[in-house]
Amino acid sequence: MAGQARRRLTIVIKLGTSSIVDEKTHEPLFSILSVIVKTCVKLIKDGHRVVLVSSGAIGVGLRRMDLDRRPKHLPKVQALAAIGQCRLMSLWDKLFDNLNQPVAQILLTRNDIADRTQYQNAQATFTELFKMNVIPIVNENDTLAVTEIKFGDNDTLSAITAGMVQADYLFLMTDVDCLYDKNPRSNPEARAIEVVEDIADLEADVSSAGSALGTGGMSTKIVAARFATSAGVTTVITRSSKPGNIPAIVSYIESRRAAPPSPRQNTAVAPLHTRFLPNPHPIRDRQFWLLYSLAPHGTIFIDYGAWKKMSGTSTRNLLPAGVVGVEGNFGQQEAARLVVVQRLPPTDSDPAPFEVGRALVNYSAAEIRKIRGLKSTDIHEALGYADSSYVALRGNIAFYEDKRSRPATPALLDGGVGLD
Ligand SMILES: N[C@@H](CCC(=O)OP(=O)(O)O)C(=O)O
């Protein structure tokens, strides 16, 4: 980035299992890993902050135990991850140590950061590590992460991490150069997608299903890009076998940010990548935590009137009068989805219900079923107590920035379990 006034950037780089170990032999891919290490150290020397989100524990564990393939039994997978994680970190530590670069291990589960204090503790640890010029290396804590507490894949984990550290860039390294509108392997007409302004309009081929060892594919990268861009993070998909391209891509994007080229100007060409533009009004901190770090335990259906009031500029508290139904079995202070619906069950002529955000609730699902549609003054009579006039307080409600782009899961709207 020579010649420009440089911003101090925070860059999160996510490496999937297939970038770290060979898919068949599970041997570490030293040629890629050493370039990653050099690249990260260069970025640190240039004054940036770097976080690595590294998968690979299970792959490295398989190699250590001489196993051919990932077992089906979850505890066995967790045991392999526990075996592999220390080897993986020892590998990273040695490689970075050759360049005198200290690293730190951070293992997270969604449950850890669903607690606001623990989320803030994790943020504080990142901040201190950045001050010490240390590279945090993040992975999911596979020992604890089962079914509902699993991030699902490290693409999502990297997006949540990027939001947590308020990163400028998230690099999702993968086995293709960029997204294409069609499958480039089978269709010679496939065109590279360079810039995605609005993920809702994206028409890409997402058939890449992920490797034999990893859990993510292209579709999890798009979900991750949605999370990260909503937090104001420029998200880049590019080829993992060429990690040395990262500084060139950053440099290219930063130079255009500083001075967008005029249409006729001859501009530098960047290595092939897809970049998802960040939301200009990013969802930060508590709002980001509410939306993306908490696993919802159910759904609260609200009517259009409540939605209009809550999403306006003044008030956002959710009153029981605006609630038309509840699905699930969440407790007080747990998270629920907020879905706007005309009525329950919806009729064919009603507009499609849509998810608008998340709330941490003052009352349990069972309690909300009893007070839905009531005035706040009637809560006491319905429940025998009234700890709050609101189902959720405005500080515990967060809305997505693209409020209408999330159709609600149809199963929730069929008059299904627990819905009234
Ligand atoms: N946390 C696990 C892997 C998670 C995972 O599969 O991620 P990815 O390879 O990025 O799809 C591990 O370290 O092996």
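What you are looking at is a predicted structure, and each value in this text was computed from that prediction instead of being measured.

Thresholds, definitions, all that
- Residues numbered from 1 in each chain as written.
- Predicted model: local features only at pLDDT ≥ 70, side-chain atom pairs only at ≥ 80, totals over all residues.
- Heavy atoms only, no water.
- Helix = DSSP H or I, 4+ residues; strand = E, 2+ residues; numbered from the N terminus.
- Buried < 20%, exposed > 50% of the residue type's maximum accessible area, 1.4 Å probe, protein only.
- Domains from an automatic or database assignment.
- Contact = heavy atoms within 4.5 Å.
- Buried area = accessible area lost by both parts, 1.4 Å probe.
- Patch = residues over 30% accessible without salt bridge, like charges linked within 9 Å, V, L, I, M, F, W, Y side chains within 5 Å.
- Areas by Shrake-Rupley, 256 points an atom, 1.4 Å probe, with all protein chains shown as cover.
- Salt bridge = Lys/Arg side-chain N within 4 Å of Asp/Glu carboxyl O.
- Lys, Arg positive; Asp, Glu negative; His and termini not counted.
- Charge placed at Lys NZ, Arg CZ, Asp CG, Glu CD.
- Core = buried A, V, L, I, M, F, W, Y, C linked by side-chain atoms within 4.5 Å.
- Phe/Tyr/Trp six-rings, centres within 6.5 Å; stacked < 30°, edge-to-face > 60°.
- Axes fitted to C-alpha atoms, helices over the stretch in contact; angles between N-to-C directions.
- Parallel < 35°, antiparallel > 145°, perpendicular 65-115°, else oblique.
- Pairing = 2+ DSSP bridges.

### Thoughts on unusual backbone geometry
Note: most peptide bonds trans; most residues except glycine with negative phi. Looking along the chain, the bond that leaves Leu344 and enters Pro345 is cis, with omega of -15 degrees. Looking at where Pro345 falls in the secondary structure, it is placed in the loop between strand S13 (335-340) and strand S14 (354-360). Although it is not a glycine, Asp66 adopts a positive phi angle of roughly 55 degrees. A relative accessible area of 58% means that Asp66 is categorised as exposed. Its identity is not glycine, yet Asn133 carries a phi of approximately 60 degrees, on the positive side. Mapped onto the elements, Asn133 comes out in the loop between helix H6 (116-131) and strand S4 (135-140).

### A short note on the domain arrangement of the chain
Domain assignment breaks the chain into domain 1 (10-285) and domain 2 (296-417). Between domain 1 and domain 2, the contact holds 5 residues from the first and 5 residues from the second. Around 370 Å² of area is buried between domain 1 and domain 2 when both sides are counted, 55% of it from carbon and sulfur atoms. Three residues, Arg226, Asn279 and Ile283, lead the burial of domain 1 against domain 2; their summed loss comes to 68% of the area buried on that side.

### Quick look at a negative patch on the surface
On the surface, Glu197, Asp198, Asp201, Glu203 and Glu401 cluster together into a negatively charged patch. Following the sequence through the fold, Glu197 ends up in the loop between strand S8 (195-196) and helix H8 (218-230). By relative accessible area, Glu197 is classed as exposed at 69%.

### So, the nonpolar core
Val12, Phe126, Val138, Leu170, Leu179 and Phe276 are the most contacted members of the largest nonpolar core, which totals 50 residues. Where this core is concerned, the elements lending two or more residues are strand S2 (49-54), strand S3 (103-108), H6, helix H7 (154-164), strand S5 (169-174), H8 and helix H10 (285-293). Of the residues that make up this core, three or more belong to each of domain 1 (10-285) and domain 2 (296-417). If we ignore the near neighbours within four places in the chain, the residues touching Val138 are Val51, Leu52, Val53, Ser54, Ile106, Leu108, Phe126, Leu157 and Thr161. Ranked by size, the runner-up nonpolar core spans 40 residues in total, among them Ile44, Trp92, Ile137 and Tyr252.

### Structural notes on the pattern of salt bridges
In this structure the tally under the stated criterion is 14 salt bridges. Of the charged contacts in the structure, one is a salt bridge between Glu254 and Arg7, with a shortest N-O distance of 2.8 Å. Placement of Glu254 in helix H9 (residues 245-258) and of Arg7 in the segment before strand S1 (10-15) is noted, with a sequence separation of 247 residues between them. Assessed through its relative accessible area of 6%, Glu254 is described here as buried.

### Here we look at the environment of Phe126
Examined against the element boundaries, Phe126 turns out to sit in helix H6. When its relative accessible area of 1% is taken as the criterion, Phe126 is described as buried. Taking C-alpha positions, Phe126 is 8.9 Å from Val51, a pair spaced 75 residues apart along the chain.

### With respect to the packing of aromatic side chains
With the rule as written, the count across this model stands at 10 aromatic pairs. Measuring from ring centre to ring centre gives 5.9 Å for Trp92 and Phe96, while their planes differ by 35 degrees; the resulting arrangement is tilted. Residue Trp92 and its partner Phe96 are located together in helix H4 (residues 74-97), separated by 4 residues, close to a single helical turn. Residue Trp92 shares its accessibility class with Phe96, and that shared class is buried. Aromatic pair Trp307 and Phe399: ring centres 5.0 Å apart, planes at 75 degrees, arrangement edge-to-face. In this pair, Trp307 sits in helix H11 (residues 304-311) while Phe399 sits in strand S15 (residues 397-399), placing the two residues 92 residues apart along the sequence. By the burial criterion, Trp307 is buried, and Phe399 matches it.

### Side note on the environment of Glu194
For Glu194, the location among the structural elements is in the loop between strand S7 (192-193) and S8. Counting along the chain gives 79 residues from Glu194 to His273, while the straight-line C-alpha distance between them is 6.2 Å.

### Focus: the side chain of Gln123
Secondary-structure assignment places Gln123 in helix H6. Non-local contacts of Gln123, meaning those with residues more than four positions away in its chain, are made with Met164 and Asp285.

### Thoughts on the packing of helix H3 (residues 57-64) against H4
Here H3 crosses H4 at 90 degrees, and the two axes come no closer than 6 Å. Comparing the axis directions of H3 and H4 gives the class roughly perpendicular. Taking contact as the criterion, the partners of Ala57, Ile58, Val60, Gly61, Leu62 and Arg64 in H3 are, on H4, Val77, Leu80, Ala81, Ile83, Gly84, Gln85, Arg87 and Leu88.

### Focus on the side chain of Asn279
Relative to the helices and strands, Asn279 resides in the loop between strand S10 (274-276) and H10. Excluding its chain neighbours within four sequence positions, the residues that come into contact with Asn279 are Thr229, Ser230, Gly232 and Glu401.

### A short note on the pairing of S2
Among the 6 residues of S2, 5 are classified as buried, and the element is accordingly described as predominantly covered. Bridging between S1 and S2 involves 6 bridges; their strand directions are parallel. Pairing of Ile13 across the sheet is with Leu52, part of S2. Bridging between S2 and S4 involves 2 bridges; their strand directions are parallel. Each bridged residue has a counterpart across the sheet, and for Val53 the counterpart in S4 is Val138.

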